[in-house]
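# Observations on the model geometry
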Amino acid sequence: MTTTAALYESVNRPLSAVLDAVPQDAWGEDSPCAGWTARDVVRHLVTTQREFLARHGVDLGEEPDVDGDPSAAWREHARRVLAAVSDEAVAGRGFDGFFGPTTVGAALEQFYVWDMVVHRWDVARATGGDTGLSEAELDRVERGADAFGEALYSEGVCRPAVEAPAGADRAVRTLARLGRG
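Everything quoted here is computed from the prediction, not taken from an experiment.

What counts, and where the lines are drawn
Residues numbered from 1 in each chain as written. Predicted model: local features only at pLDDT ≥ 70, side-chain atom pairs only at ≥ 80, totals over all residues. Heavy atoms only, no water. Salt bridge = Lys/Arg side-chain N within 4 Å of Asp/Glu carboxyl O. Helix = DSSP H or I, 4+ residues; strand = E, 2+ residues; numbered from the N terminus. Buried < 20%, exposed > 50% of the residue type's maximum accessible area, 1.4 Å probe, protein only. Pairing = 2+ DSSP bridges. Core = buried A, V, L, I, M, F, W, Y, C linked by side-chain atoms within 4.5 Å. Contact = heavy atoms within 4.5 Å. Polar contact = N/O pair within 3.5 Å; in protein donor to acceptor, adjacent residues only side chain to side chain.

Inspection of the entire model under this criterion finds 13 salt bridges. Here Arg180 makes a salt bridge to Asp122, at a shortest N to O gap of 2.7 Å. Here Asp122 lies in helix H5 (residues 104–127) and Arg180 lies in the segment after helix H7 (170–177), a separation of 58 residues in the sequence. Judged by relative accessible area, Asp122 falls into the buried class, the value being 0%. Among the salt bridges present, the one from Arg170 reaches Glu142, with a minimum N-O distance of 2.7 Å.

Listed below in structure tokens is the structure:
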């Protein structure tokens, strides 16, 4: 298993647990992402990862049915991604990325694994699930936001930061930085 696969799986476990706990009738609930339901958040995770990997020659097969069962679709998608990035030839494949030369594995970790942590919170918030983030996850989110710089607030990434309430804990402050109140 590559380091990318190990990291992906470590973030996938709590994400899958949140998705598996969503009541079937809650998938249509509005998420903190403007205009997206909880189901739309899962679709975004699946679609963006599939598109990224396809651009780098990775065929994940037929897209799972997010409309029918978002949680099952995610589990199937994540299984396929994990299998792909467990291959060092895939994870180590180099390309010129948004921030310069990188690899498929490094870009997946920097952008898509980061997205999995943030959107796990979004789905949990929308559906009444466990919104807790560990100190390590908050470290990852903060490092990612730092690395993105002003690109963090580009169209389709995060809304502008909102002010956290006085005395807010680290999680609230971190999420406020990502436009989540």
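On to the pairing of strand E2 (residues 100–103). One ladder, built from 4 bridges, connects strand E1 (residues 94–97) with E2; its direction is antiparallel. Looking at the pairing, Gly97 lines up with Gly100 of E2.

Our focus in this paragraph is the nonpolar core. In this structure, Tyr8, Phe52, Trp74, Trp114, Met116, Val123 and Leu178 are the most contacted members of the largest nonpolar core, which totals 52 residues. Of all the secondary-structure elements, those providing two or more residues to this core are helix H1 (3–20), helix H2 (38–55), helix H3 (70–85), H5 and helix H6 (135–148). Of the residues forming this core, the biggest block, 13 residues, is contributed by H5. Once residues within four sequence positions are removed from consideration, Tyr8 is found in contact with Gln49, Trp74, His77, Ala78, Val81, Leu82, Leu108, Val113 and Met116.

Now for the side chain of Ser71. Relative to the assigned elements, Ser71 resides in helix H3. Classification of Ser71 as buried rests on a relative accessible area of 7%. Side chain to side chain, Ser71 and Arg75 meet in a polar contact 2.9 Å long. Residues in contact with Ser71, not counting those within four places in the same chain, are Leu19, Asp20 and Trp27.

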